[in-house]
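Secondary and tertiary structure notes
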Amino acid sequence: MARKIEFMDTTLRDAHQSLLATRMKTSEMVPVLEEMDEVGYRAFEMWGGATFDSCMRYLDEDPWERLKTIRKKVKNTKLQMLLRGQNILGYSNYPDDVLELFIKKAIEDGIDVIRVFDALNDPRNLQKSIEIAKKYGAHVQGAISYTTSPVHTVEKYMEFAKSLVDMGVDSICIKDMAGLLTAPMAYEMVKELKKRFSLPVELHSHFTTGLADAAYYAAIEAGADIVDTATSALAYGTSQPAVEPFATMLKDTKELKVELDMKKISMINKHFVKVRENHKDTDVSLKGIDTRVLEAQVPGGMLSNLVSQLKSQNALSRYDDVMKEMPRVRKELGYPPLVTPTSQVVGVQAVLNVLSGERYKIITNETKKYVKGMYGKPPAPIDPDVMKRVLGDEKPITVRPADLLEPALDKLREEIGVLAQSEEDLLSYAIFPQVAKKFLEKKYVARIKVDFDIVDENEKEFPDVTVYPAS
Ligand code: CO
């Protein structure tokens, strides 16, 4: 009997995060959600990653409302989010009480599948998220952050996978954010995972270097169950492979079965062609593929961020220097996989090392925290000279980083006061205090004004109350 291969569609999250700087609006998703729901995808990745921050920071949208809106329209397909383990959706660790409330609300508001990863593959940073997500009934997918380095061997990855399985994950994902996974490696990794654990295996890659399609096919031959793709209008480049050609290819085999409505996909794709047109100003300028990534190991979203960062400092001419500096910094920092937040730590430090004219002349807070061990344990020891330069006589920590954090919800609740009209508002504030505060002020204070004007149009003075309950 033919084996069914399933597809996870990333159009609503990773695809536009990687290609359009995460600017797709909920209103650009809604018109095709019901159609998408009928295609036969295993899940939609539509939340988490950078979308939460971007909603509030750039789009003036409540990320929780996006989740609820999509849930209302999508009745059959599972909704999936990307969770950065103890970092939730932010850039450093949060206390366990914030993490628990966050996962609980995300599941209550509609999330079915939580893909959880840690930038350093440090099991201590995943343990709580996995435990909590299971407690509230989600399907928990443990992700292996894939990278290449002298210390990253298949055996090391399998040890990490074992710790995921021991913590109780329901499936395993190889998360190749930079598109570094070659077909032979994909085959070997999946073969080993399937041999050792009886769990579904999913492959997530980016087309950045041009390797992904072949890697997916090899992974499927080795027994992978699910691959991550995007609709072709938002595929390739720094995004995922496109679903249309890949599904067509699999349909030509006797051993494999694909159950996707290709006609529907093509209609949906027309819509996203238009959506992409709407975002020309943030569209990544990468044409085709970037093979320099094979050397510098820069993941999808990071390339576009780097370009805009250098542009804003009038230093685009230093792009090549920064791309050369990045692998050096990465090596000195113990070969972290480059994914949020380690991609930012390495990226920003590399930019500073180049632009300031002297390496480690300026050291960011994030670099300091990283070297101190606050992000977890790096895959290899940190270069002793860099360690000395960054920490001086201080010693790195050895405990689970979040163990050093006090519960924070009570304090946060007090701080934000009536501006948080729901647990969701409180969580937005807990994760992104400044961005969320601005957002909530706009959301509620603007609403009072409107409401007040309607109630009494002669009253010109701003009312005493500062907020008006959400409708
Ligand atoms: Co990705």
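Residues numbered from 1 in each chain as written. Predicted model: local features only at pLDDT ≥ 70, side-chain atom pairs only at ≥ 80, totals over all residues. Heavy atoms only, no water.

1. What to know about the domain arrangement of the protein
This is how it is decided: These domain boundaries are the output of an automatic or database domain assignment. Whether two residues are in contact is decided by their heavy atoms, any of which lying within 4.5 Å being enough. Here's the idea: put two parts together, see how much 1.4 Å probe accessible area each one loses, and the total over both is what we call buried area. Salt bridges are defined by distance alone: a side-chain nitrogen of Lys or Arg within 4 Å of a carboxyl oxygen of Asp or Glu. Contacts described as polar in this section are N or O atom pairs within 3.5 Å, which, within protein, must combine one atom able to donate a hydrogen with one able to accept it, while residues neighboring in sequence count only if both atoms come from side chains. Charged residues are taken to be Asp, Glu, Lys and Arg, nonpolar residues to be Ala, Val, Leu, Ile, Met, Phe, Trp, Tyr, Cys and Pro, and polar residues to be all remaining types, Gly included.
As far as domains go, the protein holds domain 1 (3-277), domain 2 (293-402) and domain 3 (410-469). Once you take the C-alpha centre of each, domain 1 and domain 3 turn out to be 34 Å apart. Contacts between the two partners involve 19 residues from domain 1 and, on the opposite side, 15 residues from domain 3. For the pair domain 1 and domain 3, the two sides together bury roughly 1500 Å², of which 72% comes from carbon and sulfur. One can count 3 salt bridges joining domain 1 with domain 3. We note a salt bridge from Asp60 to Lys442, for which the minimum N-O separation is 3.1 Å. Linking domain 1 to domain 3 there are 5 residue pairs in polar contact (both at pLDDT 80 or more). A class-by-class count of the residues in the side of domain 1 that touches domain 3 yields 10 nonpolar, 1 polar and 8 charged.

2. Things to note about the pairing of strand 4 (residues 78-83)
Regular strands have side chains that alternate between both faces of the sheet. Stated formally: For every residue, the accessible area (1.4 Å probe, protein chains only) is compared with the maximum for its type, and the residue is labelled buried under 20%, exposed over 50%, or partly exposed between those bounds. Put simply, DSSP H or I for four residues or longer makes a helix, DSSP E for two residues or longer makes a strand, and each gets a number counted from the N terminus. We treat two strands as partners when DSSP finds at least two bridges between them. By convention, orient the strands away from the viewer: a clockwise path from the first strand over the helix to the second makes the crossover right-handed.
Of all 6 residues that make up strand 4, 5 are buried, and the element is covered over most of its length. With 5 bridges connecting them, strand 3 (residues 43-48) and strand 4 associate as parallel partners. Each bridged residue has a counterpart across the sheet, and for Ala43 the counterpart in strand 4 is Lys78. Crossover connection from strand 4 via helix 5 (residues 96-108) to parallel strand 5 (residues 113-116): handedness right-handed.

3. Here's the deal with the environment of Ile130
With respect to the helices and strands, the residue Ile130 is situated in helix 6 (residues 127-135). Ile130 gets classed as buried once you look at its relative accessible area, which sits at 0%.

4. Overview of the packing of aromatic side chains
Using the following cut-off: Side-chain rings of Phe, Tyr and Trp (the six-membered ring for Trp) are treated as a pair once their centres are within 6.5 Å; stacked means planes under 30 degrees apart, edge-to-face means over 60, and tilted covers the remaining angles. We call a charge positioned over a ring when the NZ of a Lys or the CZ of an Arg lies within 6 Å of the ring centre and within 35 degrees of the ring normal.
Across all of its chains, the model carries 14 aromatic pairs by this definition. If you follow Arg23 out to its NZ or CZ, it ends over the ring of Tyr58, 3.6 Å from the centre.

5. Overview of the side chain of Thr209
Within the secondary structure layout, Thr209 lies in the loop between strand 8 (201-205) and helix 9 (212-221). With relative accessibility at 6%, the residue Thr209 sits in the buried group. A distance of 2.6 Å separates a polar side-chain atom of Thr209 from the backbone oxygen of Gly179. A polar contact is formed between the side chain of Thr209 and the backbone nitrogen of Leu211, at a distance of 3.4 Å.

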